[in-house]
Number of protein chains: 2
Amino acid sequence: MSRDRSSAEPNRSGNATLERLADATAAAGADAFVHVGDRFDDDLRYLTRFAGPDRDYAFVHVDGRATLCAPRLFAEQAEREFPGTVVPAGGSSASSAAERALEILDERLSSPLEDARVLALPSMPAGATRAIASAVDEVALEPIELGRAYKTSAERDRHAFVQRAAQRGMARAEAVLAGATAETAEDSRYDELRWRGDPLTTERLRREVNATLARSGVRNAGNTVIGAGATCADLHFAGEDRIDPGETVLLDLSPRGPQGYYADLTRTYVVGDVGEWERRAYDAVVEAQDAAFDALRGGAGTRAADVHEAATGTLAEYGFESGDVDVGMYHGTGHGVGASLHEAPSLSSEEPLEAGHVVTVEPGVYDPDRGGVRLEDLVVVTADGYENLTAYPCEIEPNPSRDETLPEHSN
Amino acid sequence: MSRDRSSAEPNRSGNATLERLADATAAAGADAFVHVGDRFDDDLRYLTRFAGPDRDYAFVHVDGRATLCAPRLFAEQAEREFPGTVVPAGGSSASSAAERALEILDERLSSPLEDARVLALPSMPAGATRAIASAVDEVALEPIELGRAYKTSAERDRHAFVQRAAQRGMARAEAVLAGATAETAEDSRYDELRWRGDPLTTERLRREVNATLARSGVRNAGNTVIGAGATCADLHFAGEDRIDPGETVLLDLSPRGPQGYYADLTRTYVVGDVGEWERRAYDAVVEAQDAAFDALRGGAGTRAADVHEAATGTLAEYGFESGDVDVGMYHGTGHGVGASLHEAPSLSSEEPLEAGHVVTVEPGVYDPDRGGVRLEDLVVVTADGYENLTAYPCEIEPNPSRDETLPEHSN
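Please read all numbers here as calculations on a predicted model, not as lab measurements.

Calculation criteria
Residues numbered from 1 in each chain as written. Chains lettered and ligands numbered in written order. Predicted model: local features only at pLDDT ≥ 70, side-chain atom pairs only at ≥ 80, totals over all residues. Buried ≥ 20, exposed ≤ 12 C-beta atoms within 10 Å, placed from the backbone. Helix = DSSP H or I, 4+ residues; strand = E, 2+ residues; numbered from the N terminus. Axes fitted to C-alpha atoms, helices over the stretch in contact; angles between N-to-C directions. Parallel < 35°, antiparallel > 145°, perpendicular 65-115°, else oblique. Contact = placed C-beta atoms within 7 Å. Nonpolar A, V, L, I, M, F, W, Y, C, P; charged D, E, K, R; others polar. Domains from an automatic or database assignment. Least-squares fit on C-alpha atoms with pLDDT ≥ 70 in both. Expected span 1.5 Å × (residues − 1). Pairing = 2+ DSSP bridges.

K.L.:
Is there a simple way to think about helix 5 (residues 126-133) of chain B in this case?
P.N.:
Note that an α-helix has 3.6 residues per turn; residues three or four places apart therefore point the same way. Counting buried positions along helix 5 of chain B gives six out of eight residues, so the element sits mostly inside the fold. Buried within helix 5 of chain B are the following residues: B:Ala126, B:Gly127, B:Ala128, B:Thr129, B:Ala131 and B:Ile132.

Structure representation (structure tokens):
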């Protein structure tokens, strides 16, 4: 059941991640690093590549040697995915994962377990932390810079794959929207959009998009945001709302790929006549995104907040305020994306961007009484600029055959 | 931003959950209950109904009053979903959620914060636990029986909805398998299955199934298990494998519905001639599942392990061993399902089943050199028997038009 491939196969980011762990362990005056969590812990996924089960498992790192204590029924999967040593763990709770981690520590450490100082992440469950603390000298809880913000070329390829799938999903949305017809609803003086005989809602559109994502080999992680009119101003609307002609339809697609990396793509459409507010908002956001891209042309070394300020400065020229406002842009211009949908760096940060950062560029403006417009691409910062992982035009009118213009979706 | 609906709208399981929290808090000699976590914490989802973001938020319960500290950008969603008081929290890390929780505690508690004893779950992140512990007298980490195993009729309806969607996905799989043709591969003496011009693999089949799940309004949670031949013996195979004629194709579908409840449905097929081992394994598992259902006829009060033992006893009659074996049945007969895919009760438990338990019934036999057969339904235990939430026949030969025989998928 146990197999050691740690020397044969480097970790996700080469051995850089394990070296960072070793450095952090030494800096904390610790003898080992331990983490316990389940499949939803993105740090653990990053450290292990293991898309493990919905019960806790443990990762132990001592003297450059990485060990995964995986639940017995998932040991085969762990062997396939984890590049280090896999040992089966018995139970299903966090504390039994911690107990197994303690056994591994006892085997691997050169000094007695009760004298050990163990480094751990603050996200480790308190129960597991307590179990480990009771057997060792001390557990030092400290955030560790794992280097997740830097993406290797393999990681960038995974982002690009998922982003292409998101584009397929968006093309499906355009086809549905373009195929909808405005009809006067019963008992109403207003037009409503109908598609395939029934009123078109955000939920019906979401199902079509999600089906295309699934067919492209990625999955929506419960976060296929689609708003219509007022619900666009709720930045994360995943509910049901009728889609009417003339109102903004905002789609924010962030599926996750099979290796755990996310896409992030937002476009906004209007079916039928475009009103004055909607036109101005759309034009403003297109220009704001262009300004953000201009700021990103500096590449590595660019102060992150310069990108945000370029976007908000342009919005101001269109009369849209930013910051803690009820109407305008009330979110940041972008965030890092990786094994988490939201991770470092933030484009509101004072820190310089670095080559290999994967970030969204997503200005938006909203009016809770009218609607909202957001446009979002996913880009990689490079030494002397940036590479856009997105190849999808920004047009307010939905195109019925957008998918025919998209690049091939391969992996 | 703040609205109090706690008196108007009961929690998910009536106010029973909040009463349990109050009882547990009193029993622990504590003044309040606090939990911190993100959207992937199923206890937090159960307590709040909030399908929150991928950053930490906090739940505080003092004197019967429930408060959710939600990240500011998700406050609107929290207002829609959480039946108690919503207060916006500023930052994005677990400790800032904990800081906000401390402010709420300070407001709500009648005695000074530094004298408070706070009850918390062992799954709370260690960093948040430390932050709270530094401001109060003591944090008591204890597992709390939230009563999640008991499902209200509303929760059962959610399970039934998702299970029907899983059935649609299975029907799609049958149609694909039935539409595949055996052809002799180039450079090979063996037949392979082809579908729509290309070799049929577990991944191609998975994408078709997942697209149908998405179109039915549910999502695969990265757990659409499909094995072919030997990979059926890996109980959670989510990788790529060629599907050959005559080998077992095992599909274990466990999508999650919009309110967070899971389905669980497994069927096994063989395309083409069925070999002796596959036939015997299939017949054994059908009979084992029937025996398990017979044991469940006792309903509430039935010792859970009686169900497991009924299944393994029948398998033994077919010559299949159970337990810690390499060939045979090496997992339990069932587990509870709810806001987690795996939760209490286990059908290996000595405890009696209770009315309202939702459990899988899933015997299986595997031979890593040949394949595996598993059949799984989802049922509700009732006072005098059980109700099967599954209406899907067990047939080894895929039916090309199964979907036409399924009940309507509504909700």
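K.L.:
Any chance you could explain the packing of helix 7 (residues 202-215) of chain A against helix 7 (residues 202-215) of chain B here in plain terms?
P.N.:
In helix packing, the relevant descriptors are the interaxial angle and the interaxial distance, both defined with respect to the helix axes. The N-to-C vectors of helix 7 of chain A and helix 7 of chain B enclose an angle of 170°; their axes lie 7 Å apart at closest approach. In terms of their interaxial angle, helix 7 of chain A and helix 7 of chain B are classed as roughly antiparallel. Of helix 7 of chain B, the residues touching helix 7 of chain A (which contributes A:Arg207, A:Asn210, A:Ala211, A:Leu213, A:Ala214 and A:Arg215) are B:Arg207, B:Asn210, B:Ala211, B:Leu213, B:Ala214 and B:Arg215. Broken down by class, the residue content of the contact of helix 7 of chain A with helix 7 of chain B amounts to six nonpolar, two polar and four charged.

K.L.:
Mind showing me how you'd approach the interface of chain A and chain B here?
P.N.:
Interfaces are often sized by the accessible area lost when the parts come together. At the interface, 37 residues of chain A touch 36 residues of chain B. Elements with a contribution of two residues or more to the side of chain A that touches chain B: helix 3 (75-81), helix 5 (126-133) and helix 7 of chain A. At six residues, helix 7 of chain A tops the list of elements feeding residues into the side of chain A that touches chain B. Of the residues in the side of chain A that touches chain B, the class split is 17 nonpolar, 12 polar and eight charged.

K.L.:
Explain the domain arrangement of chain A to me, please; I cannot follow it from the model alone.
P.N.:
Assigned domains of chain A: these are domain 1 (16-141) and domain 2 (153-405). Distance between the C-alpha centres of domain 1 of chain A and domain 2 of chain A: 38 Å.

K.L.:
I'm lost on the relation of the copies chain A and chain B in this one. Help?
P.N.:
What connects the two chain copies is a rotation about an axis and a shift along it. The transformation that overlays chain A on chain B combines an axial shift of 0.0 Å with a rotation of 180°, and the residual RMSD is 0.0 Å. The superposition of one copy onto the other is thereby described by a two-fold rotation axis. Taken as a fraction of all interface residues of chain A, those also at the interface in chain B reach 97%, which identifies the copy contact as same-surface.

K.L.:
Any chance you could explain helix 1 (residues 16-27) of chain A here in plain terms?
P.N.:
Residues and elements named next belong to chain A. If you check helix 1, its first and last C-alpha atoms are 16 Å apart, about what 12 residues at 1.5 Å a residue would give, namely 16 Å. If you follow the buried residues of helix 1, they end up packed against strand 1 (32-37), helix 2 (42-48), strand 2 (57-62), strand 3 (65-71) and strand 5 (117-120). After helix 1 finishes, the residue Gly29 shows a positive phi value of roughly 65°.

K.L.:
Help me understand the sheet that holds strand 2 (residues 57-62) of chain B, please; the structure alone is not making it clear to me.
P.N.:
Hydrogen bonds along the backbone pair up the strands of a sheet, which may run parallel or antiparallel. All names here are of chain B. Read across the open sheet, the six strands follow the order 4-3-2-1-5-6; overall the sheet is mixed. Two strands bound the open sheet, and with one partner strand each, they are strand 4 (85-89) and strand 6 (138-141). The mean inter-strand angle of the sheet, taken between neighbouring strand axes irrespective of direction, is 25°. The sheet strands contacting helix 1 (residues 16-27) are strand 1 (32-37), strand 2, strand 3 (65-71) and strand 5 (117-120), and the helix crosses strand 1 at an angle near 115°. In the packing of helix 5 onto the sheet, the strands contacted are strand 1, strand 5 and strand 6, and the crossing angle to strand 6 comes to about 145°.

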